[in-house]
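# An overview of the molecular structure
Below, each chain spelled out in residue letters.
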Amino acid sequence: QPRVFSGIQPSGVPTLGNYLGAIRNWVPMQDTHEAIFCVVDLHAITVWQDPKELARQTREMAAALIACGLDPKRCTLFLQSHVHAHTRLAWIMNCVARLGWLNRMTQFKDKAGKDKEAASAGLYVYPNLMAADILTYHATLVPVGDDQRQHLELANDIAQKFNHDYGVEFFPRIEPLIQGVAARVMSLRDGTKKMSKSDPSDQSRINLTDDHDSIAQKIRKARTDAEPLPGHASGLENRPEARNLVGILAAITGTLPENVLREHEGKGFGAFKEVLVAALVAHLDPIRKEMARLLDDPATLDAQLRLGADRAEAVAAPICARAEEIVGFLPRR
Ligand code: TYM
């Protein structure tokens, strides 16, 4: 049975983009695969995080994942910093990956901004840690949003180079699983930018912690154009904001954009947005309430994460140890 791995950074509240592009697709995989999901706190500190906030957001992210339907009994859910195989294998990956490969990563360029010299070394080697995350479980299926595609290609390059350099068939090929109309949910303020938990404008995104009033307010204010809704997807060309809102409604109601358009053809965005608000609230309200309930009992949450870390470590540690043996490290006897 192929092993599934995916991760999410606790660098903010999970957004509708995280939910539709990733988390929601993880839930059914618990029953069909051995599934491992990780809150990647090591990745989060590649850009500055206030320590108290990071701790709070890490618990909040774990609660969000459980509230969305990940069951700590049916999958392995844990915090990246709890399992040392990630950092140990990441060091080996740092020595396998080539600078030229890292220099091509568009996410580094986006996140580092204008002043590349001031970016952390961690941000630069971020994709190597990601490769280690996946490969230390010999996971082969990685369900992610579209923005992670390039990182997963790099992870495959690293795995192949490791196998080649050491003359082994040790790391398997990774297959990205990028699903559906919501693989790329865009900002509510700018249809050409992705919705992101680290965007400075809270108006650009729906958070899983938003209640009815803030969802309504954000959607009503979301940028659109003046045209009514077309009857076919071809009518959404060069209308990124319109396309995004139609895609969100399709994803949240489990249908295709064509069906949404057929139903709402000719409507203005004022009316369409009210339909969207109602659908979002109906879907997200139970998640928000369950999150609050889980966060009321941090001891139970922490115990679930400890159990998850134990289970993750049992898989990761032997694979990491074998990788260390392959590169020639003497075992500690
Ligand atoms: P992160 O925390 O940015 O996002 C978590 C997941 O949500 C997806 N996603 C989106 N999908 C659709 N539309 C959006 N606007 C949107 N924004 C985010 C992401 O594609 C991702 O699947 N580097 C990863 C975390 C990571 C990881 C890994 C993932 C670390 N190690 C190993 C897979 C395997 C990240 O920053 O995700």
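Residues numbered from 1 in each chain as written. Predicted model: local features only at pLDDT ≥ 70, side-chain atom pairs only at ≥ 80, totals over all residues. Heavy atoms only, no water.

### Observations regarding the overall build of the protein
Along the backbone of the protein there are 14 helices and 5 strands. Here the C-alpha atoms of the protein give a radius of gyration of 21 Å, agreeing with the 20 Å that 2.2 N^0.38 yields for 333 residues. For the protein, the spread of C-alpha atoms along the principal axes amounts to about 70 × 45 × 40 Å. For the protein, the proportion of contacts with a sequence separation of at least 24, taken over those separated by at least 6, is 77%. Each charge sign in the protein was given a centre, from 40 positive and 41 negative side chains, and these centres are 2 Å apart. (Helix = DSSP H or I, 4+ residues; strand = E, 2+ residues; numbered from the N terminus. Rg over C-alpha atoms; globule rule 2.2 N^0.38 Å. Contact = heavy atoms within 4.5 Å. Lys, Arg positive; Asp, Glu negative; His and termini not counted. Charge placed at Lys NZ, Arg CZ, Asp CG, Glu CD.)

### Looking at the packing of aromatic side chains
All told, the structure shown has 9 aromatic pairs when counted by the stated rule. Pairing phenylalanine 5 with tyrosine 137 gives two aromatic rings, centres 5.4 Å apart and planes at 20°, and the pair type is stacked. Placement of the pair is phenylalanine 5 in strand S1 (residues 3-8) and tyrosine 137 in the loop between helix H8 (126-135) and strand S4 (141-143), with a sequence separation of 132 residues. An angle of 45° between the planes, with centres 6.4 Å apart, marks the rings of phenylalanine 162 and phenylalanine 170 as tilted. Neither residue differs from the other here; phenylalanine 162 and phenylalanine 170 are each classed as buried. (Phe/Tyr/Trp six-rings, centres within 6.5 Å; stacked < 30°, edge-to-face > 60°. Buried < 20%, exposed > 50% of the residue type's maximum accessible area, 1.4 Å probe, protein only.)

### As for the layout of surface pockets
Roughly 1200 Å³ of internal volume is contained in the largest pocket. Taken together, 45 residues line the largest pocket, and the ones lying closest to its centre are Gln107, Lys111, Asp147, Gln148 and Lys194. Broken down by secondary-structure element, the contributors of at least two residues to the lining of the largest pocket are S1, helix H1 (16-32), helix H6 (106-112), H8 and helix H9 (149-166). The element that contributes the greatest number of residues to the lining of the largest pocket is H1, accounting for 5 residues. Within this model, the second largest pocket holds a volume of roughly 230 Å³. Contributing to the lining of the second largest pocket are 15 residues, with Val181, Arg184, Arg243, Asn244 and Gly247 lying nearest its centre. Grouping the constituent residues of the lining of the second largest pocket by class yields 10 nonpolar, 3 polar and 2 charged. (1 Å grid on protein atoms, 1.4 Å probe; cavity = no way out; pocket = protein on both sides within 12 Å on 5 of 7 lines; lining within 4 Å. Points joined across faces, edges and corners; volume = space filled by probe spheres on them. Nonpolar A, V, L, I, M, F, W, Y, C, P; charged D, E, K, R; others polar.)

### Considerations on the site of the ligand
The environment of the ligand is formed by 26 residues, the closest being Tyr126, Asp133, Asp147, Val185 and Lys197. Between the ligand and the protein, one listed contact pairs an oxygen atom with a side-chain N or O atom of asparagine 18 at 3.1 Å. Valine 185 has a polar backbone atom sitting 2.7 Å from a nitrogen atom of the ligand. Its free accessible area being 710 Å², the ligand has 97% of it covered by the protein chains. The site holding the ligand turns out to be the largest pocket. Class assignment for the residues of the shell around the ligand results in 13 nonpolar, 9 polar and 4 charged. (Near = heavy atom within 4 Å. Polar contact = N/O pair within 3.5 Å; in protein donor to acceptor, adjacent residues only side chain to side chain. Areas by Shrake-Rupley, 256 points an atom, 1.4 Å probe, with all protein chains shown as cover. Sits in = over half its atoms within 2 Å of the grid points.)

### Description of empty space enclosed by the protein
Applying the stated criterion across every chain, the model contains 1 cavity of 30 Å³ or more. Considering only enclosed or pocket space, the largest cavity measures out at about 40 Å³ in volume. Taken together, Gln107, Phe108, Lys111, Leu123, Tyr126, Pro127 and His151 form the lining of the largest cavity. Looking at the lining of the largest cavity, the elements that each hand over two or more residues are H6 and H8. With 3 residues, H6 is the largest single contributor of residues to the lining of the largest cavity. Of the residues that constitute the lining of the largest cavity, the class distribution is 4 nonpolar, 2 polar and 1 charged.

### Here's the deal with the pairing of S1
By the criterion of burial, S1 is predominantly enclosed, with 5 of the 6 residues buried. As paired elements, S1 and strand S2 (residues 34-39) share 6 bridges and run parallel to each other. When the sheet's bridge partners are listed, isoleucine 8 is paired in S2 with valine 39. A crossover links S1 with its parallel partner S2, the connecting element being H1, and its sense is right-handed. (Pairing = 2+ DSSP bridges. Right-handed = clockwise from strand over helix to strand, strands pointing away.)

Nothing here speaks to function; it is geometry throughout.
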